[in-house]
Amino acid sequence: MHFDSAVAADLAKVLSHRLPTPGAPLERRSFLKLAAASGFALGMYPLAVPAQGSGELKPTQQPSAFVQIDPDGTTTVTINRLEFGQGVQTGLPMLLAEELDADWSRVRSRNGNADPAYVDPKFGMHLTGGSNSIQNSFTQYRELGARTRAMLVAAAAQRWKIDATKLRTENGFVIGPGGQRAGYGELAQAAMALPVPASVTLKDARQFRLIGKPTRRLDAQAKSTGRQSYGIDVRLPGMLTAVVAHPPVFGARLKSVDDSAAKSMRGVKVVLRIPTDRGGEGVAVIADGYWPARQAREALKLEWDTGGVERADTAQLLAKYRELARQPGKLRFDADLSRLAAAPHRIRAEFAFPYLAHAPMEPLNCTVAFDGQRAELWMGTQMPGLDAGAAARTLGVSPEAIKVNTQMAGGGFGRRAIPSSDYVVEACQVAKAARSAGIAAPVRTLWSREDDIKGGYYRPMHVHRAEIGFDAQGNILAWDHVIVGQSITKGSPFEDFMVKDGIDATAVEGMKEPYALPMRLTVHHPDVNVPVLWWRSVGSTHTAYVMETLLDEVARASKQDPVALRLRLMEGKHPRHAAALKLAVQKSGYGTRKLPPGHAWGVAVHESFNTVVAYVVEASVAKGVPKLHNVTAGVHCNLAVNPLSVEAQIQGAALMGLATCLPGNAITLKDGVVEQANFGDYRVPRMPDMPRIAVHIVPSSDAPTGIGEPGLPPLAPAFANAIARASGGTAPRELPFPQA
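In this text, all values refer to a predicted model and were calculated from it rather than measured experimentally.

## Regarding the sheet that holds strand β14 (residues 365–370)
So, point 1. Read across the open sheet, the 7 strands follow the order β9-β10-β7-β17-β14-β15-β16; overall the sheet is mixed. Of all the strands in the sheet, just β9 (268–275) and β16 (402–406) have a single pairing partner and so form its edges. The sheet shows a mean angle of 25° between the axes of neighbouring strands, direction not considered.
So, point 2. Bridge count between β14 and strand β15 (residues 375–379): 4 bridges; the pairing is antiparallel. Note on β15: the bridge partner recorded for V368 is L377.
So, point 3. Along the sheet, helix α9 (residues 290–299) makes contact with β7 (240–245), β9, β10 (281–287) and β17 (443–446), crossing β7 at roughly 25°.
So, point 4. Helix-sheet contacts for helix α12 (residues 422–436) involve β7, β9, β10, β14, β15 and β17, and the interaxial angle to β14 is about 35°.

## Section: the pairing of strand β19 (residues 476–485)
So, point 1. Where burial is concerned, most of β19 is hidden: 10 out of the 10 residues are buried.
So, point 2. Both strand β18 (residues 462–470) and β19 contribute to a ladder of 9 bridges, which runs antiparallel. Among the inter-strand pairings, I468 is bridged to a residue of β19, identified as W479.
So, point 3. Pairing analysis gives 6 bridges linking β19 to strand β22 (residues 519–524), with the strands arranged parallel. Looking at the pairing, V482 lines up with T522 of β22.

## Some details on the UniProt feature "domain: Aldehyde oxidase/xanthine dehydrogenase a/b hammerhead" (unreviewed entry) in the protein chain
So, point 1. Annotation from UniProt places "domain: Aldehyde oxidase/xanthine dehydrogenase a/b hammerhead" (unreviewed entry) at residues 225–308.
So, point 2. Secondary structure across residues 225–308 comprises 17% helix and 38% strand; the distance between its end C-alpha atoms is 50 Å.

## A few points about the packing of helix α19 (residues 643–659) against helix α20 (residues 715–727)
So, point 1. In the contact formed by α19 and α20, the axes pass within 8 Å of each other and the chain directions differ by 60°. Taken together, α19 and α20 sit at an angle that is classed as oblique. α19 and α20 meet at a crossing whose hand is right-handed. Each of A654, G657 and L658 in α19 lies in contact with α20, whose residues at this interface are L715, A716 and F719.

## Looking at the packing of aromatic side chains
So, point 1. The tally for this structure, following the rule as stated, stands at 10 aromatic pairs.
So, point 2. Arranged with centres 5.6 Å apart and planes meeting at 65°, the rings of Y590 and W601 form a pair that is edge-to-face. Of the two residues, Y590 is situated in the loop between α18 (575–588) and β23 (599–608) and W601 in strand β23; the sequence distance between them amounts to 11 residues.
So, point 3. Assessed through its relative accessible area of 13%, W601 is described here as buried.
So, point 4. Among the aromatic residues, those joined into a ring-pair cluster are F66, Y118 and Y141.
So, point 5. The aromatic ring of F173 is capped on one face by R181, whose charged end is 4.4 Å from the ring centroid.
So, point 6. The ring of F333 has K512 lying over it, and the distance from NZ or CZ to the ring centre is 5.0 Å.

## A short note on unusual backbone geometry
So, point 1. Look at the link from E513 to P514: it is a cis peptide, with omega at 5°.
So, point 2. For P514, the position within the fold is in the loop between α15 (505–508) and β22.
So, point 3. At the junction of L735 and P736, the peptide bond is cis and its omega measures out at -5° in the coordinates.
So, point 4. You will see that A359, though not glycine, has its phi angle at about 45°, which is positive.
So, point 5. The residue A359 is located in the loop between β13 (345–353) and β14 in this model.

## What about the sheet that holds strand β3 (residues 107–111)?
So, point 1. The strand order across the open sheet built from 3 strands is β1-β2-β3, with neighbouring strands paired in mixed fashion. In the strand order of this sheet, the two ends are held by β1 (67–69) and β3, each with one partner. Ignoring strand direction, the axes of neighbouring strands in this sheet form an average angle of 25°.
So, point 2. Relative to strand β2 (residues 75–79), β1 runs antiparallel, the two sharing 3 bridges. Looking across to β2, one finds that V67 is bridged to V77.
So, point 3. Contacts from helix α4 (residues 88–100) reach β1, β2 and β3 within the one sheet, and its direction differs from that of β2 by about 125°.

## So, the pairing of β10
So, point 1. Taken across its 7 residues, β10 has 7 buried, putting it largely inside the fold.
So, point 2. Of the two faces of β10, both are covered, the one formed by E281, V283, V285 and A287 as well as the one formed by G282, A284 and I286.
So, point 3. Where β7 and β10 come together, 5 bridges link them in antiparallel fashion. Directly across from V244, in β10, lies its bridge partner A284.
So, point 4. Pairing between β9 and β10: 7 bridges, direction antiparallel. Directly across from I274, in β10, lies its bridge partner G282.
So, point 5. Hairpin connection of β9 to β10: 5 residues between the antiparallel strands, including R278 at a positive phi of 60°.

## Concerning the confidence of the model for the protein chain
So, point 1. In this model, the protein chain carries a mean pLDDT of 93, and residues with pLDDT of at least 70 account for 93%.
So, point 2. Low pLDDT, under 50, characterises residues 5–48; the stretch is placed with 95 contacts to residues that sit more than four places away or in other chains.

## Considering helix α16 (residues 540–557)
So, point 1. Counted at 1.5 Å a residue, the expected span for α16 with its 18 residues is 26 Å, and the 25 Å between its end C-alpha atoms agrees.
So, point 2. Most of α16 sits inside the fold, with 16 of its 18 residues counted as buried.
So, point 3. K559 sits one or two residues past α16 and shows a positive phi near 55°.

## A closer look at the environment of V77
So, point 1. One can find V77 in strand β2.
So, point 2. Note: C-alpha distance between V77 and N111 (34 residues apart in sequence) is 8.6 Å.
So, point 3. Apart from the residues lying within four places of it in its own chain, the contact partners of V77 are F66, P93, L96, V107, R108, S109, R110 and Y141.

## Describing the nonpolar core
So, point 1. Core analysis: the largest hydrophobic core is formed by 74 residues, its most contacted members being W479, L550, Y615, V635 and I650.
So, point 2. Looking at this core element by element, the count peaks at 8 residues for α20.
So, point 3. Here I650 is in contact with V613, Y615, A633, V635, V695, I707 and G711, once residues within four sequence places are set aside.
So, point 4. Formed by 44 residues, the second largest nonpolar core is a distinct cluster that contains Y141, L167, V174 and I211.

## Brief notes about the environment of L565
So, point 1. Topologically, L565 is positioned in helix α17 (residues 562–570).
So, point 2. Sequence separation between L565 and H606 is 41 residues, and the spatial gap between their C-alpha atoms is 15 Å.
So, point 3. Other than its neighbours up to four places away in sequence, L565 contacts G474, L551, V554, A555 and Q560.

## Topic: the pattern of salt bridges
So, point 1. For the coordinates displayed, the defined rule picks out 40 salt bridges.
So, point 2. Between R566 and E548 there is a salt bridge, with its nearest N and O atoms 2.7 Å apart. Taken together, the residues R566 in helix α17 and E548 in helix α16 connect sequence positions 18 residues apart. In terms of burial, R566 and E548 fall into one category: buried.
So, point 3. A cluster of three or more residues bridged by salt bridges with shared partners is formed by E98, D101, R149, K203 and R209.

## Things to note about the side chain of E99
So, point 1. Turning to its location among the elements, E99 is positioned in helix α4.
So, point 2. Among the polar contacts made by the side chain of E99, one reaches the side chain of R142 at a distance of 2.9 Å.
So, point 3. In this structure, E99 is in contact with R142, G145, A146, R149, L202, K203 and F208, ignoring residues within four places of it in sequence.

Reading the values: rules and limits
Residues numbered from 1 in each chain as written. Predicted model: local features only at pLDDT ≥ 70, side-chain atom pairs only at ≥ 80, totals over all residues. Heavy atoms only, no water. Pairing = 2+ DSSP bridges. Helix = DSSP H or I, 4+ residues; strand = E, 2+ residues; numbered from the N terminus. Axes fitted to C-alpha atoms, helices over the stretch in contact; angles between N-to-C directions. Contact = heavy atoms within 4.5 Å. Buried < 20%, exposed > 50% of the residue type's maximum accessible area, 1.4 Å probe, protein only. UniProt positions renumbered as here; feature names shortened; annotations may be inferred. Parallel < 35°, antiparallel > 145°, perpendicular 65-115°, else oblique. Left-handed = near helix turned anticlockwise from the far one by under 90°. Phe/Tyr/Trp six-rings, centres within 6.5 Å; stacked < 30°, edge-to-face > 60°. Lys NZ or Arg CZ within 6 Å of the ring centre and 35° of its normal. pLDDT = per-residue confidence, 0-100. Expected span 1.5 Å × (residues − 1). Core = buried A, V, L, I, M, F, W, Y, C linked by side-chain atoms within 4.5 Å. Salt bridge = Lys/Arg side-chain N within 4 Å of Asp/Glu carboxyl O. Polar contact = N/O pair within 3.5 Å; in protein donor to acceptor, adjacent residues only side chain to side chain.

Next up, the structure:
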């Protein structure tokens, strides 16, 4: 998902009726709730003591909600994001610990929840998405660390009756001029009673001892030893497990249910009809474990009414999209196309991109304990505040009666940031129905892999049509472009500010920039009964492919070096793009290293989420089968807080980008039914598919930009460009690449 600074105010306004006011002081009840969650040291009193100076600090600025220092000096940092593989459970504590001068070997991290302190400080809502975690909380967490440090120094100054300016901090200690030393753990209780400073001075980048240094992740040991717990692992006393039979066509309802066989199976507690997403109906089977619930679901005899809903068919949709692409849609960019017809060289190209499932390793799940008045939820969620509001509405209780326990998630790629809160609402429907049926136990609603892949909210299918006129030198004279695809945000709380003049901003991001192009761009957004959502790197998943393969085609047709053409089209106005591209070129040996026979170079560069990633790849085609051998990345993300996390994110994103190229990586529908069900028919890369990946970061001391998603978009076009050069043809016009 992608929100930029221009929409931040609108976002907060639209969601304000669902969320606590992020800038308001905490009420006593919320304060006590935060204090209880924060533990002993630095966990309570700073909220009760006014800040020094004018104005009152926001909940997002209060150390008490984020820092716990135990008597032995162990420092636990609460993160305001979902950790689902991107490394924020290490990156955010690094920022705070840097300014705190904490002993990194004693730093730990834990999850936040839906309290006001843990909203995104820029957008004013609980959000993990848009690659915003580090860039939006960079200053916030540093200031939290600096405020905590100042309070500890003040406590030491009072103890020693000395001017605080004569003290310094180092590695978890306050040190005085006479060799006096006091550990943070022994000072924390006194520091709790002191005012929170309203303003603090942050370190100069030259003073950093943690930020910018390759740092092993705090969760690495737990994950590598199998001890890490995820939402799917939640176990509560007496907990039951539910699985839901979803309608085969989105929004379909039940004609009849024969549950007699299911009810008689061992371990089954109850079988219930419940509402499902998009106005549909389903049947929930609640049992004392997943396997009996799953077996009982398979024993259900269900008849579905699909007469009132559209039964989407991707083959028919593709034909419709191609027809729409031959006529202008709503205007995004305008340009003079008079030179198109007379251009000496022309390219006409049509591209098709399929629906894609998120398919995280941990399927969707949510555990609900509901007593009829209050509810507690456990799940990995990218929007805990939004999901808490949806849970309250579903259960018929006030928002204050909902407690969300954010769990580590095993991936998500956007699927756990859903405006409809579909899987959370479903779990609450199950819990409410169970309560009405006399079941008081907590219920974990668990999706299977098949449920997850068939369950919707896909990256939309798109068709692009382009006509380009250019001269012998590769100068582009006119470019006419049409995009066809569903809007992600239409009908959601984000529509008001993300759909302008009928165009969803997510569908066109990445078009045209950074190149000086005379492009007319128009867009069609057909309505289709297929639920769609942002998918890692959102619109750039298709726009980067089209832009970068077409530019390469212009370069080949005009006999120009593709790197030189790109740099020329940037006109010297995009130094970060140029730096990333030149770094990838230099480190790969492009143009200087001799490739094996049948191998070719491929190049692509793209900016998303304020970060530029350039790839230079080496690929071959043998018997019609393309193979990616080497990938060299040049990354401009400004200051890399943790270079190891940057490297890991680029590697993971590149692998996910490679997945979009592999035959079988597509969601298709026939008569309204999704045809794929598991990794046997929805292909993901295996070990033999993985290329060697080298990641190089452009040095910078500017504030960091996003890194979780930008590594994905340029991989597929770089691979495709290498294929075109190796085969002497054109880059594939469809993803995934056709079968050999």
